[in-house]
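Chain and residue survey
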Amino acid sequence: MTSSDRPSQRLILEAGRADRQYWGDIWRYRELFFILAWRDVAVRYKQTVIGLAWAFVRPFVTMVVFTVVFGKLARLPTEGDAPYAVLVFAGLLPWTLASSILGDASNSVITNSQLVSKVYFPRIIIPFATVMVGLIDFGVSLLILVGVMAWYGVVPDWHILLLPVFVVLAVLVAIGPALWAAAMIVKYRDFRFIIPFVVQVGLYVSPVGFSTKVVPPEWQLLYSLNPMVGVIDGFRWAILGGDSPLYLPGFAVSMLVAAGMLWLGIHTFRRTERGFADLI
Amino acid sequence: MSDVVIRAEKLGKKFIIGHQVEYSAILGEALVRSARGLLRRGADMLRGRAVVAGDEIEEFWALRDVDFEIKRGEVVSIIGHNGAGKTTMLKILSRILEPTLGRVELNGRVASLLEVGTGFHQELTGRENIFLNGAILGMTRQEVLARFDEIVAFSGVEKFIDTPVKRYSVGMYARLAFSVAAHLETEILFVDEVLAVGDAEFQKRCLDRMSAVASAGRTVLFVSHNLAAVAALTRRGIVLKGGRLIFDGPIENAIAQYSASLSKGKAARDWGRGHHSAIISADLLDAQGRPTDTYEPGTPFNLQVEVETANMPGLGLELHLRDANNLPVAFYSSSIFSQTPLPSEGRHVCRLSLQPLFLASGEYSFDISTNSLTIVVDHGVANAIPFQVAASSPGGIAYDFKQSLGHGVLAMQLASPLRIEPASSEPA
Ligand SMILES: Nc1ncnc2c1ncn2[C@@H]1O[C@H](COP(=O)(O)OP(=O)(O)OP(=O)(O)O)[C@@H](O)[C@H]1O
Ligand SMILES: [Mg+2]
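Calculation notes
Residues numbered from 1 in each chain as written. Chains lettered and ligands numbered in written order. Predicted model: local features only at pLDDT ≥ 70, side-chain atom pairs only at ≥ 80, totals over all residues. Heavy atoms only, no water. Helix = DSSP H or I, 4+ residues; strand = E, 2+ residues; numbered from the N terminus. Rg over C-alpha atoms; globule rule 2.2 N^0.38 Å. Buried < 20%, exposed > 50% of the residue type's maximum accessible area, 1.4 Å probe, protein only. Contact = heavy atoms within 4.5 Å. Buried area = accessible area lost by both parts, 1.4 Å probe. Salt bridge = Lys/Arg side-chain N within 4 Å of Asp/Glu carboxyl O. Polar contact = N/O pair within 3.5 Å; in protein donor to acceptor, adjacent residues only side chain to side chain. Nonpolar A, V, L, I, M, F, W, Y, C, P; charged D, E, K, R; others polar. Pairing = 2+ DSSP bridges. Core = buried A, V, L, I, M, F, W, Y, C linked by side-chain atoms within 4.5 Å. Near = heavy atom within 4 Å. Areas by Shrake-Rupley, 256 points an atom, 1.4 Å probe, with all protein chains shown as cover. Phe/Tyr/Trp six-rings, centres within 6.5 Å; stacked < 30°, edge-to-face > 60°. Lys NZ or Arg CZ within 6 Å of the ring centre and 35° of its normal. pLDDT = per-residue confidence, 0-100. Axes fitted to C-alpha atoms, helices over the stretch in contact; angles between N-to-C directions.

On to the overall build of chain A. In terms of helices and strands, chain A carries 13 helices and 1 strand. In terms of C-alpha radius of gyration, chain A reaches 21 Å, essentially the compact-globule figure of 19 Å for 280 residues. Projected onto its principal axes, the C-alpha positions of chain A cover 65 × 45 × 35 Å. By residue count, 51% of the 280 residues in chain A fall in the buried class.

This is the structure we're talking about:
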């Protein structure tokens, strides 16, 4: 990105002109992507007393509450021999990752309105840069999971090697709707109120505190229209191994829905981003 | 090299703005109105249009039919009233806004400086913000690293470089922000009004830096209301008015065009204030005592300055006459030259009639300041009275003695008629 490998390029600006250099520009602005991601991480726990420990406290307390409410009080069944706490945590991990990405990324364009109205760069960098914060908190939660598994003596099998794939899926499931919402929020601030609501409801309609097997078999496929079902099942499959077999048709449906939403998100974002600075 | 790096053709930008037609104090009416508004916004949303506040929507052209070409290495200033569309134009050229009509062709790497310190984060330290801001302005980490020491030295905040910028004073913040921007090295640079921040000393530093940039062979588009700076930094000026380009040519003529339209709308001036005084208004008057922006060479200078003082005896009024290059030409001080200090309290109008000067034609301005006895400026207004000399003919013939000829700015006048006599070999 020095002036030598960024040659004197010719650029035409015109209304409605499809920007052929767009994806190349994203590559050229990769440093900005990293620095924005770094900024969000660096700023997150400044002037807090216990700092990064917050990343431990929140998921841990949620896990305890869910285990007590769903496992002990409601007496919902676990999967195979897996301890209920591990089951809950394996669901909580992708859920927290996805919901924090959805929340942060969808608001990211307007929280960075100062940048949008004063400098040019491919706007799609902004929502993607917020993913880093979610991933770091996710990494911390993963450590708790390791602790909880050790406590219960749960040993993962080879399935665990595929966990990174499901992490990527969790990010993609969240970023699609987040991009769409980020673009819509610029125009209609109403969506600012809708997203937290979706996240709140989503926690209960997704299999976070319980196993997907609780849902009657004839409803399984329909239930999988919620893409988080596929992601959470994938996590449990990777972490609990043989105790939690993956229901493949359901998983495929979830991934199709996720792919559709991702396409819609990118498409909407790309179509509207040239007007962001007018409206913001 | 004289190839075109920026070409704008028929450039236009339309915004949608809303108006509140009338307010109603009656609850029922207000409810009906907001219900109607709700319906309209709902319909807008279904059609995919943006939400606009107000009952009535107006299309508004912030820029219309603008054509120009900028060649490599040219330094061009863009001047115009508030709302003339200058920022909008720079935003289109730097790809922040999309033009509604027309097209722009750009050749070369562009950086734009629409404000200093874009993206600075309060919680981050000075050092961290240099990297953040650099990346936002389009510099690579390598480039920032290579210039880091220079940037810090230029800003003069070395001691606080690892302190969060929220602990900085406003001035330190501005210095650091400008320093990063000042070290941008792109082929094409757009600068919008960023010199308006900071104290006088800092502004001078910024100006020096800008003239270094301008003379380094880079292409610069420069927006400013500071006509002295504009004249000193650039040769060519583009004047925008109501979104249209009304003049494109030599800077002196551009400034003349602009100030001609300026004097008609001079009503609102806010020059701020000093610690003990404020210069409220200042005008050059013609022979009939009306405000003017042209001076007739060889006539008395009649000035009228309104000043407010608060609890400060002994303040003097000082004037600096400057030429188009912002160089000082003449000086007057009420406390030193005529031992007339300003009253210590209240609002007063000072009327000055100064001896005639035979000025060359071109642009000038008066800087006006109030000064305490120790010659410390209390309130200074640079470029308080911009004016021009339309034509200067010291000999009364058609010859125009111009500032730009390079013979200086004053025509020397004879004290008595010139006598030329044959030289006699021996005095009688
Ligand atoms: N996003 C926007 N939506 C609606 N109107 C806008 C928008 N941006 C600018 N305008 C309008 O466009 C006009 C031109 O604005 P612009 O900022 O270009 O003026 P300017 O010449 O830079 O003025 P100044 O000297 O005050 O900086 C103004 O009337 C402004 O209100
Ligand atoms: Mg402006």
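Bringing the interface of chain B and chain A into the picture now. Counting residues at the interface gives 49 residues for chain B and 41 residues for chain A. Here chain B meets chain A over a buried area of about 4000 Å², counting both sides, of which 57% is carbon and sulfur. Between E105 of chain B and R10 of chain A there is a salt bridge, with its nearest N and O atoms 2.6 Å apart. At the boundary of chain B with chain A, the tally comes to 11 residue pairs in polar contact (both at pLDDT 80 or more). Within the residue set of the side of chain B that touches chain A, elements represented by two or more residues are β1 (4-19), α1 (27-46), α2 (86-93), β4 (101-107), α3 (126-136) and α4 (141-155) of chain B. Tallied by class, residues from the side of chain B that touches chain A come to 19 nonpolar, 13 polar and 17 charged. Here strand β1 (residues 10-14) of chain A pairs with β4 of chain B via 5 bridges, running antiparallel. Among the inter-strand pairings, E14 of chain A is bridged to a residue of β4 of chain B, identified as R103 of chain B.

Counting residues in each nonpolar core, the largest one holds 168 residues, and the members touching the most others are F235 and I239 of chain A together with I6, F68, I130 and L221 of chain B. Counting residues in hydrophobic clusters, the runner-up holds 30 residues, among them F301, L319, A384 and F387 of chain B.

The next point concerns the site of ligand 1. Around ligand 1, 14 residues are found, and the nearest of them are G83, K86, T87, T88 and H225 of chain B. Ligand 1 sits at the junction of chains A and B, each of which supplies nearby residues. The backbone of D278 of chain A places a nitrogen or oxygen atom 3.0 Å from a nitrogen atom of ligand 1. Between ligand 1 and K86 of chain B, the relevant distance is 2.7 Å, taken from an oxygen atom to a side-chain nitrogen or oxygen of the residue. Calculation on ligand 1 without its partners gives an accessible area of 640 Å², and the protein chains cover 67% of this total. Counting only elements with at least two residues in the shell around ligand 1, the list comes to β1, β2 (56-71) and α2 of chain B. Among the elements that make up the shell around ligand 1, the one with the highest residue count is α2 of chain B (3 residues).

One pair of aromatic rings is described through two measures. These are the centre distance and the angle between the planes. A full pass over the atoms with the stated rule returns 22 aromatic pairs over all chains. Measuring from ring centre to ring centre gives 3.8 Å for Y295 of chain B and F301 of chain B, while their planes differ by 5 degrees; the resulting arrangement is stacked. For the residue pair Y295 of chain B and F301 of chain B, the accessibility class agrees, reading buried in each case. With 5.6 Å between their ring centres and 85 degrees between their planes, F331 of chain B and F337 of chain B make a pair best called edge-to-face. Overall, the relative accessible area of 48% leaves F337 of chain B in the partly exposed class. Of the aromatic side chains, those joined through ring pairs into one cluster are Y295, F301, Y364, F366 and F387 of chain B. One cation-aromatic arrangement involves R270 of chain A over Y22 of chain A; the distance from NZ or CZ to the ring centre is 3.7 Å. The ring of Y120 of chain A has R95 of chain B lying over it, and the distance from NZ or CZ to the ring centre is 4.0 Å.

The share of residues in chain B with pLDDT of 70 or more is 89%, and the mean pLDDT across the chain is 85. Under the prediction, the complex receives an ipTM of 0.86, its pTM being 0.74.

Another point: the sheet that holds strand β8 (residues 236-241) of chain B. Residue and element names in this part refer to chain B. In space, the 6 strands of this open sheet follow the order β5-β6-β7-β3-β8-β9, with mixed pairing throughout. Each having just a single partner strand, β5 (110-113) and β9 (244-250) make up the two edges of the open sheet. Neighbour-to-neighbour, the strand axes of this sheet turn through a mean angle of 15 degrees, independent of strand direction.

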